Each structure stands twice: as C-alpha cells, then as structure tokens.
Amino acid sequence: MVIYRGPPAPRLLFVGEAPGKEEDARGLPFVGRSGGLLDTAIAKASWPAEAVGVTNVVMCRPPRNRLPPGAVEACHPWLEQKVRLLDPPVLATLGGTALRALVPDAPRPLEAAGRWYSWEGRPLFALLHPAATLRSRRFSQRWDQDWETLRTDLPVLPLRSDEGATFRGPPGRETL
Ligand code: URA
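Note that this is a predicted model, so its numbers are computed, not measured. Residue positions are given per chain, counting from 1 as you read along its sequence in written order. Whole-chain, interface and lining totals are the exception, using all residues; otherwise, since this is a predicted model, local features are given only for residues with pLDDT of at least 70 and side-chain atom pairs are given and counted only at 80 or more. Here the side-chain values reflect all heavy atoms present in the structure, with hydrogen atoms and water set aside.

### Digging into the site of the ligand
- Around the ligand, the structure places Gly 16, Glu 17, Ala 18, Pro 19, Glu 23, Pro 29, Phe 30, Asn 56 and His 129.
- Taking Glu 17, its main chain carries an N or O atom lying 2.8 Å from an oxygen atom of the ligand.
- At 2.8 Å from an oxygen atom of the ligand is found a side-chain nitrogen or oxygen belonging to His 129.
- Among the detected pockets, the ligand sits in the largest pocket.
- Here the shell around the ligand is composed, by residue class, of four nonpolar, three polar and two charged. A single heavy atom is enough: if one lies within 4 Å of a molecule or strand, its residue is considered near that molecule or strand. Between N or O atoms, a polar contact is any pair within 3.5 Å; within protein, one atom must be a potential hydrogen donor and the other a potential acceptor, and residues adjacent in sequence are included only when both atoms are from side chains. Space inside and on the surface of the protein is sampled on a 1 Å grid over the protein atoms alone, with a cavity defined as a set of points where a 1.4 Å probe fits but cannot get out and a pocket as an open set with protein on both sides within 12 Å along at least 5 of 7 lines; lining residues have an atom within 4 Å of a point. Should more than half of a molecule's atoms lie within 2 Å of a pocket's or cavity's grid points, that molecule is taken to sit in it. Each residue is assigned to one of three groups, with Ala, Val, Leu, Ile, Met, Phe, Trp, Tyr, Cys and Pro labelled nonpolar, Asp, Glu, Lys and Arg labelled charged, and all others, Gly among them, labelled polar.

Below, the structure written as structure tokens:
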C-alpha cells in the first residue's frame, strides 16, 4: 500500500491518482517520473519543504496501470480519513481522477485546471496530472501556467509552529 509522503501536518496536500511501478516498489507516492515533475514545480515555490504532503486517491498499484472499476470508490473512505487526519488547510488535485473524487461536480480537467474549488470547506486548487505534460507541449505549457497561478495565490505557507505568521490563502480566503 502506498499511503503518503510528507510531514505529519502538511499545509498543502497534493492528491494524485494511483501509484505506478516505482511508487509500488518504494511504498511512496510520486517518486517516479511524475514525482520528479511535481517536485521540480514545488521547489520553484518558496514554501518550506515540511509544508507539503503528497498522496493518491487509490492506494494500490492498478494492474497494467489502469484503474479497475470500483477502485476509486473502494479507497474513498480512506482518502477522506487521510485528509481529515492530516488536516491540511489547502488541497491541490493532480489530474481528473483526483478532481472528480474530491469535487464530483467540477468541470472536465482541462477546463477545471488553474482554478479554485473546495472540499469540506478547504480551498482546493485543480492542476493537470504531471504525466500529461509528457504527452503534449500544450499540456506542459498549461501545467507551468497553472503553477504560476498557484504560487501567486499561495505566496507563503507558514507551518503550524510559526507563531503569529499570516497564512495568505487564495483570493477571497485570506483568513485560513
Ligand atoms: N501518478 C500518480 O497519480 N500517483 C503517483 O503516486 C505516481 C504517479
């Protein structure tokens, strides 16, 4: 089972789809090629490393990397429990599976990406899946553009231990 990579109290939680070969072998989410792209994008933000966590909707590697029917639904209670326990003030989805799992009425991924939604009152930012950027230049440009938005909207991610620091959340949600 591939459950989570990150600190016990992340301020921003990324949610992807399901582990791939590398993730399955190491027991950690996003440690393969997609994870490299994600980590590069995260590194460009000036957030503290201990502020960011990564997980997936589905916890086991699907056969032939195709999600079997019912996998998302079967893992859903654990996904919800994980998010509630980690208690991040902000979420970001990576790709359509994660977005649909947390925001069922969101538009399709290309339309939704780069915008804010919410899950149980927490702001949630939709991103494309990093693997999409390997498929086309258009998706890769879109990934970069949406990341610019995310970094601009979330310039600082103070840790829980940063007494008195102001968490400047996304527009309209500054009082996180
Ligand atoms: N793709 C995902 O959605 N999750 C991973 O952990 C790795 C690749």
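Now, onward.
### So, the pattern of salt bridges
- The salt bridge definition used is simple: a Lys or Arg side-chain nitrogen within 4 Å of an Asp or Glu carboxyl oxygen. Under the counting rule described, the total for this entry stands at eight salt bridges.
- Here Arg 5 makes a salt bridge to Asp 39, at a shortest N to O gap of 3.3 Å. You can see Arg 5 sitting in the segment before strand S1 (12-16) and its partner Asp 39 sitting in helix H2 (residues 33-43), a full 34 residues away along the chain.
- Accessibility expressed as a relative area gives 34% for Asp 39, which makes it partly exposed.
- Through salt bridges that share partners, Glu 80, Arg 84 and Glu 120 make up one connected network. Numbering of helices and strands runs from the N terminus; a helix is a DSSP stretch of H or I covering at least four residues, while a strand is a stretch of E covering at least two. Relative accessible area decides the class of each residue, using a 1.4 Å probe on protein chains only: under 20% of the type maximum gives buried, over 50% gives exposed, and in between gives partly exposed.

### Section: the sheet that holds strand S4 (residues 116-119)
- The sheet built from five strands is open, its strands ordered S2-S1-S3-S5-S4 with mixed pairing. One side of each edge strand has no neighbouring strand; the edge strands of this open sheet are strand S2 (52-56) and S4. Shown here is a sheet whose adjacent strand axes are inclined to one another by a mean of 30°, direction ignored.
- Pairing analysis gives four bridges linking S4 to strand S5 (residues 122-127), with the strands arranged antiparallel. Opposite Trp 119, over in S5, you have Arg 122 as the bridge partner.
- Packed onto the sheet, helix H6 (residues 137-153) meets S1, strand S3 (90-94), S4 and S5 and runs at close to 160° relative to S5. The pairing criterion for strands is at least two bridges between them, as found by DSSP. Simply put, an axis is a line fit to the C-alpha atoms, just over the touching stretch for a helix, and the angle between two N-to-C directions goes from 0 to 180 degrees. Two residues qualify as a contact provided that any one of their heavy atoms is within 4.5 Å of a heavy atom in the partner residue.

### Looking at the environment of Pro 63
- Residue placement: Pro 63 occurs in the loop between S2 and helix H3 (71-86).
- Here the alpha-carbon distance between Pro 63 and Phe 30, two residues 33 residues apart in the chain, equals 17 Å.

### Points about H3
- In this analysis, the expected span of each helix is defined as 1.5 Å times one less than the number of residues it contains. For H3, built from 16 residues, the straight-helix expectation of 22 Å at 1.5 Å per residue is met to within 8% by its first-to-last C-alpha distance of 22 Å.
- To get the bend at a residue, fit one axis to the 7 residues ending there and another to the 7 starting there, then take the angle between the axes. Along H3, the helix axis deviates most sharply at Pro 77, where the bend reaches about 35°.
- In this fold, the buried residues of H3 make contact with S1, S2, S3, helix H4 (96-102), S4 and S5.
- Just downstream of H3 lies Asp 87, where phi reads positive at about 55°.

### With respect to the packing of H2 against H6
- Between H2 and H6, the least distance of the axes is 10 Å, while the angle of their chain directions is 40°. One way to sum up the angle between H2 and H6 is to call them oblique. Crossing geometry of H2 relative to H6 is assigned as right-handed. Packed against H2, whose contacting residues are Leu 37, Leu 38, Ala 41 and Ile 42, the element H6 presents Trp 143, Trp 147 and Arg 151 at the interface.
- Class assignment for the residues of the contact of H2 with H6 results in six nonpolar, no polar and one charged. Here the angle decides the label: under 35 degrees means roughly parallel, over 145 means roughly antiparallel, 65 to 115 means roughly perpendicular, and every other value means oblique. Here a crossing is called left-handed whenever its near helix is offset anticlockwise from the far helix by less than a right angle, and right-handed whenever the offset is clockwise.

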